[in-house]
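Read off the chains here:
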Amino acid sequence: MEFARLIRSKTRVRFLLILAFTLLGFTVMGYHPGIEDDGVYLAAVNADLHPALYPHDSDFFRLQLQATLFDRWIADFVKVTHIPVAWTELLWQFLSLFAILWGCYSIAELLFAEERARWAGVAMVAAMFTLPVAGTALYLVDQHLHPRNVATAIILFAIARILGRKIWQAVLLLLVAFVLHPIMAAMGISFSFFLAMCLKDPAPKWLRSLRGSMAAAVPLGWIFEPPTPAWRKALATRTYYYLYKWTWYEWLGALAPLLLFWILWRIAKKRGNDLLARFSLAVVIYGVFQQIVAMIMLGPSVFLRLMPLQPMRFLHLIYVFLALVAGCLIGKYLLKGKVWRWGLFLLVTNSGMYASQRALFSGSDHLELPDRAPDNSWLQAFTWIRQNTPTDAYFVLDPNYLAAPGEDYHSFRALAERSQLADAIKDTAVVTQVPGLGPAWENQVDAQAGWSRFQLADFERLRAQFGVNWALVSYPQPVGLECSWHNGTLAVCRIP
């Protein structure tokens, strides 16, 4: 009974500390639903719940999500619980952060004997949620709900199970991650494979005999569609696809972590920390292997169609491990039991990341919580449109609106919940994944060229060509447009 009470007490303390670091990390990173990739996922969830939405443009989010169950899972959760979509997204974002930190603690618990080292590792990951991953357009964790966040948490739990020699539990977890985010899960499977092999005895002998390994395949049928001129045009907008055009500091960000883990492997091996040494060796081998795969896939033009698989995103896991292990080592050797050192450590790591996020989303609230009236003029327009225009309204707006000052990359489709002509920024990412959308995307974007000079005749031309009947334009609006709403920046107008 005494032992059982001790276990329960330790679990309760662990739960509360992880909850505290989750709250801190969430507050530092901010919350911005509907931005970036959430423009695709949130629109898909809305469409699953309300099939009448998006009668004109659903291919720009549905086709890309054929390989994931994420949007249907969230939609089913909303149907069963009756929790509104906005609150559901917030709930699962917070649960994802909590699970990521719990997974990190589970790994640190096996690699480091000192409790202070484990918590310093968790604290470091929480502070570094929005650390950019070199050259990949990724953060450790997104500032909105994303299947990558959920998949990352599951992969971390799977890695902890492998370290604990519970292989079959890890296999089941990786399968769950795969149905949520196939590309990230493939990276998790790859690392888990090398880690499991490094835990075998003798690991170096087995690894020297490794020949002809292949990267995990992602079953996406559209990957075999031939490249088109429109697809190549869209691909050119995503510079992080072109590995051989990376800058020196992006290459440094890719290779330096492998060198650091190689050094850690040597040191840990010399000091008799066998499990940390094997883990570090697995990171190095995984990184070298995936780097070679990436250089092959992103090199010759014959493999051009494989670029959207984004093989350099293997760095995401390495950066998570880098933050975790760095934090653990700081806790073990520098912080120790000194309260003032812990305070300084938390202040420096969290304040820097908070400042960077405030600068990045300078036009928006740091925490865009549900049911809170937005100060952002774009979000005000999206809210009015969602509440006051017909479900089948078809909008046109600046094709580069996502990059407009103060817009902060909030998706019209996801937040206004209305159809729109293709944009020139986010929809290009979808086209790189689904080449069949290229001609439609190119046709629509080209038709919006010269947007800043548009007059009534241009809007009438778009209505005749595509059927759009509403426009979101700068205020004051062009002469002849009948506008139903405006603020100091934007106007919502009918196209006659």
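Check the entry above for the structure.
Basis of the calculations
- Residues numbered from 1 in each chain as written.
- Predicted model: local features only at pLDDT ≥ 70, side-chain atom pairs only at ≥ 80, totals over all residues.
- Heavy atoms only, no water.
- Core = buried A, V, L, I, M, F, W, Y, C linked by side-chain atoms within 4.5 Å.
- Buried < 20%, exposed > 50% of the residue type's maximum accessible area, 1.4 Å probe, protein only.
- Helix = DSSP H or I, 4+ residues; strand = E, 2+ residues; numbered from the N terminus.
- Contact = heavy atoms within 4.5 Å.
- Disulfide = S-S within 2.5 Å.
- Phe/Tyr/Trp six-rings, centres within 6.5 Å; stacked < 30°, edge-to-face > 60°.
- Expected span 1.5 Å × (residues − 1).
- Arc of directions from axis to C-beta.
- 1 Å grid on protein atoms, 1.4 Å probe; cavity = no way out; pocket = protein on both sides within 12 Å on 5 of 7 lines; lining within 4 Å.
- Points joined across faces, edges and corners; volume = space filled by probe spheres on them.
- Patch = residues over 30% accessible without salt bridge, like charges linked within 9 Å, V, L, I, M, F, W, Y side chains within 5 Å.
- Areas by Shrake-Rupley, 256 points an atom, 1.4 Å probe, with all protein chains shown as cover.
- Salt bridge = Lys/Arg side-chain N within 4 Å of Asp/Glu carboxyl O.

Ile107, Ile159, Phe191, Phe279, Phe321 and Leu472 are the most contacted members of the largest nonpolar core, which totals 144 residues. Ranked by residue count, the leading element in this core is helix α5 (residues 85–111), at 14 residues. If near-sequence neighbours (up to four positions away) are discounted, isoleucine 159 is found in contact with Ile107, Phe191, Ser192, Leu195, Phe279, Leu317 and Phe321. Within the second largest apolar cluster, 16 residues are counted, among which are Tyr394, Val396, Trp451 and Val468.

With the rule as written, the count across this model stands at one disulfide. Residue pairing for cysteine 483: its cysteine sulfur links by disulfide to cysteine 493, the two sulfurs lying 1.9 Å apart. The disulfide joining cysteine 483 to cysteine 493 has a torsion of about 80 degrees about its S-S bond and is therefore right-handed. With cysteine 483 in strand β6 (residues 482–486) and cysteine 493 in strand β7 (residues 490–494), the pair connects residues that are 10 residues apart, well separated along the chain. Judged by relative accessible area, which is 26%, cysteine 483 ranks as partly exposed. Residue classification places cysteine 493 among the buried residues on the basis of a relative accessible area of 0%. Between cysteine 104, a cysteine without a disulfide, and cysteine 328, which holds the nearest cysteine sulfur, the sulfur-to-sulfur distance is 8.8 Å. Overall, cysteine 104 belongs to the buried group, its relative accessible area being 0%.

In this section: the packing of aromatic side chains. In this description, a pair of aromatic rings is defined by centroid distance and the angle of the planes. Counted by the stated rule, this structure contains 28 aromatic pairs. Taken together, a centroid distance of 6.0 Å and an interplanar angle of 75 degrees make the contact between phenylalanine 26 and phenylalanine 94 edge-to-face. In this pair, phenylalanine 26 is assigned in helix α1 (residues 2–29) and phenylalanine 94 in helix α5, connecting sequence segments 68 residues apart. With a centroid separation of 4.8 Å and 45 degrees between ring planes, the pair formed by phenylalanine 191 and phenylalanine 321 is classed as tilted. One end of the pair, phenylalanine 191, is in helix α9 (residues 182–198); the other, phenylalanine 321, is in helix α14 (residues 315–335), with 130 residues separating them in the sequence.

Backbone torsion omega between tyrosine 475 and proline 476 reads 5 degrees, so that peptide bond is classified as cis. Checked against the element boundaries, proline 476 lands in the loop between β5 (470–474) and β6. We note that tyrosine 54 has phi near 55 degrees; this positive angle belongs to a residue other than glycine. With phi around 65 degrees, arginine 165 is a residue other than glycine that occupies positive phi space. Its location among the elements puts arginine 165 in the loop between α7 (147–163) and α8 (167–180).

Once that is clear, we can look at helix α15 (residues 339–360). Residues three or four positions apart in an α-helix share a direction because the helix packs 3.6 residues into each turn. When the terminal C-alpha atoms of α15 are compared, their 32 Å separation across 22 residues agrees well with the 32 Å that a helix rising 1.5 Å per residue should span. Those residues of α15 that sit buried are Trp342, Phe345, Thr349, Asn350, Met353 and Gln357. Within α15, the buried residues cover an arc of 90 degrees as seen down the axis, which keeps them to one side. Residues of α15 that are exposed and point over 90 degrees away from its buried face: Trp340, Leu347, Val348 and Ala359.

One pass over the structure, following the stated rule, counts two cavities of 30 Å³ or more. Approximately 40 Å³ is the volume found for the second largest cavity. Forming the boundary of the second largest cavity are Arg148, Ala151, Thr152, Ile155, Met184, Met187, His316 and Leu317. For the lining of the second largest cavity, the element with the highest residue contribution is α7, accounting for four residues.

On the surface, Ile167, Trp168, Val171, Leu172 and Leu175 cluster together to form a nonpolar patch covering roughly 550 Å² of accessible area. Looking at the secondary structure, you find leucine 175 in helix α8. Assessed through its relative accessible area of 52%, leucine 175 is described here as exposed.

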